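Topology and contacts: notes
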Amino acid sequence: MKSNIVIATKDLNLWYGDKQALENIDMSVREKSVTALIGPSGCGKSTLIRVFNRMNDIIDGCRIEGKVFFRGNDIYDPSEDVMELRSAIGMIFQKPNPFPKPIFENIAYGPRVHGINSKKKLEKIVEKCLKQAALWDEVNDWLGDTAMGLSGGQQQRLCIARALAIEPEIILMDEPTSSLDPLATSKIEDLIYELKEKYTVIIVTHNMQQAARVSDYTGFMYLGELIEFGETKQIFENPKEELTERYITGRFG
């Protein structure tokens, strides 16, 4: 496996009870890039990214076949440490979900769980992560105030800063701007572009323009299958599959 491939799937199939949600998914994600997953609602995009940090494990009746590799190791091998995996692969959800705690404690929570209790170290981590999430200048005078008082866009950037605090390698984003206004969306998109200098980002989006703007690679999914995967420019300008072309040009269905 190439060294710059950070996540790969091989013949991945997933069922919720009797319903098959993913079918024979083969894909590779390159490190320090942004990969977007597009496709109609219910096509398996969110299910697929939840495979990467084993979030589907908590769903009753979920069954998986095939292989998922993170840095060459099968994440479903019984010897794999799920908590360690989730530290390496962070998740940002559709709706911002800050803790009902002060802004500072939202960021410091993860490092504390991992045994960092030095006030000086925590202050450094909080400042660094808020700066990485382009939020420091907006909140540095209010770190003791509750995170629930922030705007939706600020809350989402806080959740990104919180994910960065435990130094992940990969950040999964499940429609991170769908509940945000255009200005907040633009700030998150700028942030995603900057994050790829240090992190691998995989984003699920229903917004094709967003995928075209922020991603290096795009996968088009339909009915649980990965119809086409490639460089974003190629997918949008010269798709190989007719179904991809129909979806992108709005002639779908």
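The structure we're discussing is the one just above.
Residues numbered from 1 in each chain as written. Predicted model: local features only at pLDDT ≥ 70, side-chain atom pairs only at ≥ 80, totals over all residues. Heavy atoms only, no water.

When helices and strands are tallied, the chain shows 10 helices and 10 strands. Computed over its C-alpha atoms, the radius of gyration of the chain comes to 18 Å, within 12% of the 18 Å expected for a compact globule of 253 residues. By its C-alpha atoms, the chain is 55 × 45 × 35 Å across when sized along the principal axes. Looking at the chain as a whole, 49% of its 253 residues qualify as buried. A separation threshold of at least 6 residues defines the contact pool for the chain, and within that pool the share at least 24 residues apart is 67%. A total accessible area of about 12,600 Å² is found for the chain, and carbon and sulfur atoms account for 48% of it. Computing the positive centroid from 31 side-chain charges and the negative centroid from 37, the chain places the two 4 Å apart. (Helix = DSSP H or I, 4+ residues; strand = E, 2+ residues; numbered from the N terminus. Rg over C-alpha atoms; globule rule 2.2 N^0.38 Å. Buried < 20%, exposed > 50% of the residue type's maximum accessible area, 1.4 Å probe, protein only. Contact = heavy atoms within 4.5 Å. Areas by Shrake-Rupley, 256 points an atom, 1.4 Å probe, with all protein chains shown as cover. Lys, Arg positive; Asp, Glu negative; His and termini not counted. Charge placed at Lys NZ, Arg CZ, Asp CG, Glu CD.)

It is worth spelling out the nonpolar core at this point. Counting 44 residues, the largest nonpolar core has Leu130, Met173 and Leu195 as its most contacted members. In this structure leucine 195 touches Gln132, Ile160, Leu164, Ile171, Met173 and Val201, once residues within four positions along its chain are discounted. In this structure, Ile7, Leu22, Met27 and Val51 belong to the second largest nonpolar core, which totals 28 residues. (Core = buried A, V, L, I, M, F, W, Y, C linked by side-chain atoms within 4.5 Å.)

Below, the discussion takes up the layout of surface pockets. Each pocket or cavity is described by its volume, and for the largest pocket that value is around 640 Å³. Around the largest pocket, the lining is made up of 21 residues, and of these Arg86, Phe99, Tyr109, Arg162 and Ile166 lie nearest the centre. Those elements that place two or more of their residues in the lining of the largest pocket are helix 2 (82–88), strand 6 (89–92), helix 3 (103–113) and helix 6 (152–164). Here the lining of the largest pocket is composed, by residue class, of 12 nonpolar, 7 polar and 2 charged. Taken as a whole, the second largest pocket spans an internal volume of roughly 220 Å³. Among the secondary structure elements, those contributing two or more residues to the lining of the second largest pocket are helix 3 and helix 4 (119–132). Considering every element that reaches the lining of the second largest pocket, the biggest residue donor is helix 4, with 4 residues. (1 Å grid on protein atoms, 1.4 Å probe; cavity = no way out; pocket = protein on both sides within 12 Å on 5 of 7 lines; lining within 4 Å. Points joined across faces, edges and corners; volume = space filled by probe spheres on them. Nonpolar A, V, L, I, M, F, W, Y, C, P; charged D, E, K, R; others polar.)

Attention now goes to the sheet that holds strand 10 (residues 225–231). What the 6 strands build is an open sheet, ordered 6-7-8-3-9-10; its pairing is mixed. Of all strands in the sheet, those bounded by a partner on one side alone are strand 6 and strand 10. This sheet shows a mean twist of 15° between the axes of neighbouring strands, independent of strand direction. On top of the sheet, helix 1 (residues 45–52) reaches strand 3 (34–38), strand 6, strand 7 (170–174), strand 8 (200–204) and strand 9 (217–222); it is set at about 155° to strand 7, its chief contact. (Pairing = 2+ DSSP bridges. Axes fitted to C-alpha atoms, helices over the stretch in contact; angles between N-to-C directions.)

To continue, consider the environment of tyrosine 76. With respect to the element layout, tyrosine 76 can be found in the loop between strand 5 (73–74) and helix 2. The spacing of tyrosine 76 and isoleucine 64 is 12 residues in sequence and 9.1 Å in space, taken between C-alpha atoms. Those residues in contact with tyrosine 76 that lie beyond four places of it in its chain are Val51, Arg54, Asp57, Ile64 and Val68. Of the polar contacts made by the side chain of tyrosine 76, one reaches the backbone oxygen of valine 51; its length is 3.3 Å. (Polar contact = N/O pair within 3.5 Å; in protein donor to acceptor, adjacent residues only side chain to side chain.)

This brings us to unusual backbone geometry. The phi torsion at asparagine 24 lies on the positive side, around 50°, for a residue other than glycine. Classification of asparagine 24 by relative accessible area gives partly exposed; the value is 47%. Of note in the backbone geometry, glutamate 175 takes a positive phi value of approximately 50° without being a glycine. Its place among the elements puts glutamate 175 in the loop between strand 7 and helix 7 (182–195). For glutamate 175, a relative accessible area of 15% gives the class buried.

So, about the packing of helix 3 against helix 4. Angle between the axes and distance between the axes are the two parameters that describe a pair of packed helices. Two elements in contact, helix 3 and helix 4, have axes separated by 9 Å at closest approach and are oriented at 115°. Comparing their axes, helix 4 and helix 3 come out roughly perpendicular. The interaxial crossing formed by helix 3 with helix 4 has right-handed handedness. Between helix 3 and helix 4, the residues in contact are Ile103, Phe104, Ile107, Ala108, Pro111 and Arg112 and Leu122, Glu123, Ile125, Val126, Cys129 and Leu130, respectively. Grouping the amino acids of the contact of helix 3 with helix 4 by side-chain chemistry returns 10 nonpolar, no polar and 2 charged. (Parallel < 35°, antiparallel > 145°, perpendicular 65-115°, else oblique. Left-handed = near helix turned anticlockwise from the far one by under 90°.)

Nothing here speaks to function; it is all geometry.
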